[in-house]
Amino acid sequence: MLSEIQKRKIHHFFNVLDIDRNGHLQPEDFVNVGKRIIEKVGLGQESRAAKLILIKSHRLFVQLLTDADNPELSLTLWDWIEFFRDQLFEGGNNGVLEYYIHRTSRHIFDLFDMNRDHFISKDEYANMLTIYKISQEHADQSFEELDSNKDGMISADEMINGLRNFFKSNDINSPGNLIFGDWR
Ligand SMILES: [Ca+2]
Ligand SMILES: [Ca+2]
């Protein structure tokens, strides 16, 4: 069963992804994230790189709909919590949740490892927060917690560990909890 703390984090994650905050996760939310990245990086709208980013951000949405088995092009908070509860946590094996965590990490790297060095730098992390309109208030603390080997970069393994804590931990101080900002 999902604990209250887990529900609050999943609810927060929904709000982060629901970029226009209209209570529905829709294709526009994801396409707009792509557009902001393109603007942030200063790519030409028609460039191949820009188009790839739009495809990747849209693909994330399509995968969510497929995962949540939702025939409509919109997910409500209720659909979202139900998806986590039934498919990821109670649906059976831990493998499904692990798969989702790995995939979420891959998406973050796809979209925000802008120099493609396979690490998320502090600047790249700050960009991610800006693009999702997340306050930078806890950015330093969150980055340091995620960077467990303290080399100043977030590796894929560190991201996965942080996401695992974010989705699974019931400890309010777990490192990784602030990955998408403050939900407390
Ligand atoms: Ca990078
Ligand atoms: Ca690191």
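The structure presented is a predicted model; accordingly, all values stated were derived computationally and were not measured. (Residues numbered from 1 in each chain as written. Chains lettered and ligands numbered in written order. Predicted model: local features only at pLDDT ≥ 70, side-chain atom pairs only at ≥ 80, totals over all residues. Heavy atoms only, no water.)

## With respect to the pattern of salt bridges
Two side chains carrying opposite charge are able to pair once their charged atoms lie near each other. Under the counting rule described, the total for this entry stands at 8 salt bridges. For the salt bridge of Glu98 with Arg164, the shortest nitrogen-to-oxygen distance reads 2.7 Å. With a gap of 66 residues between them, Glu98 in helix H5 (residues 94-112) and Arg164 in helix H8 (residues 156-168) connect regions that are remote in the sequence. The class of Glu98 is buried, set by a relative accessible area of 16%. According to the relative accessible area criterion, Arg164 is partly exposed, its value standing at 25%. The salt bridge partner of Arg184 is Asp182, with a shortest N-O separation of 2.8 Å. Relative accessible area serves as the criterion here: at 43%, Arg184 is assigned to the partly exposed category. Looking at Asp182, the relative accessible area reads 36%, which means it is partly exposed. (Salt bridge = Lys/Arg side-chain N within 4 Å of Asp/Glu carboxyl O. Helix = DSSP H or I, 4+ residues; strand = E, 2+ residues; numbered from the N terminus. Buried < 20%, exposed > 50% of the residue type's maximum accessible area, 1.4 Å probe, protein only.)

## Some words on the domain arrangement of the protein chain
Looking at the protein chain, the domain boundaries give domain 1 (22-92) and domain 2 (102-168). One C-alpha centre belongs to domain 1, the other to domain 2; they are set 18 Å apart. Between domain 1 and domain 2, the buried area comes to about 1,300 Å², and carbon and sulfur atoms account for 66% of it. Linking domain 1 to domain 2 there are 1 salt bridge. (Domains from an automatic or database assignment. Buried area = accessible area lost by both parts, 1.4 Å probe.)

## A closer look at the environment of Asn15
Residue placement: Asn15 occurs in helix H1 (residues 4-17). For Asn15, a relative accessible area of 31% gives the class partly exposed. Residues Asn15 and Leu75, spaced 60 residues apart in sequence, show a C-alpha to C-alpha distance of 12 Å.

## Comments concerning the coordination of the calcium ion (ligand 2)
With distances of 2.0 to 2.6 Å, the protein atoms coordinating the calcium ion (ligand 2) are Asp147 (OD), Asn149 (OD1), Asp151 (OD), Met153 (O), Glu158 (OE) and Glu158 (OE). If you look at the calcium ion (ligand 2), its 6 donor atoms make angles of 55 to 164° with each other, and the shape they trace is irregular. One chain supplies every donor for the calcium ion (ligand 2), spaced along it as D-x1-N-x1-D-x1-M-x4-E. (Donors = N, O, S within 2.8 Å, 3.2 Å for Na, K, Ca; no water. Tetrahedral: all angles 85-135°; square planar, octahedral: opposite > 155°, others 65-115°.)

## So, helix H3 (residues 48-67)
Over its 20 residues, H3 runs 28 Å from end to end, which matches the ideal 28 Å to within 8%, given 1.5 Å per residue. Within H3, the full set of buried residues consists of Ala50, Ile53, Lys56, Ser57, Leu60, Phe61, Leu64 and Leu65. Buried residues along H3 sit in contact with strand S1 (24-25), helix H2 (27-41), strand S2 (75-76), helix H4 (77-89) and H5. Immediately downstream of H3, the backbone of Asp69 shows phi near 55°, a positive value. (Expected span 1.5 Å × (residues − 1). Contact = heavy atoms within 4.5 Å.)

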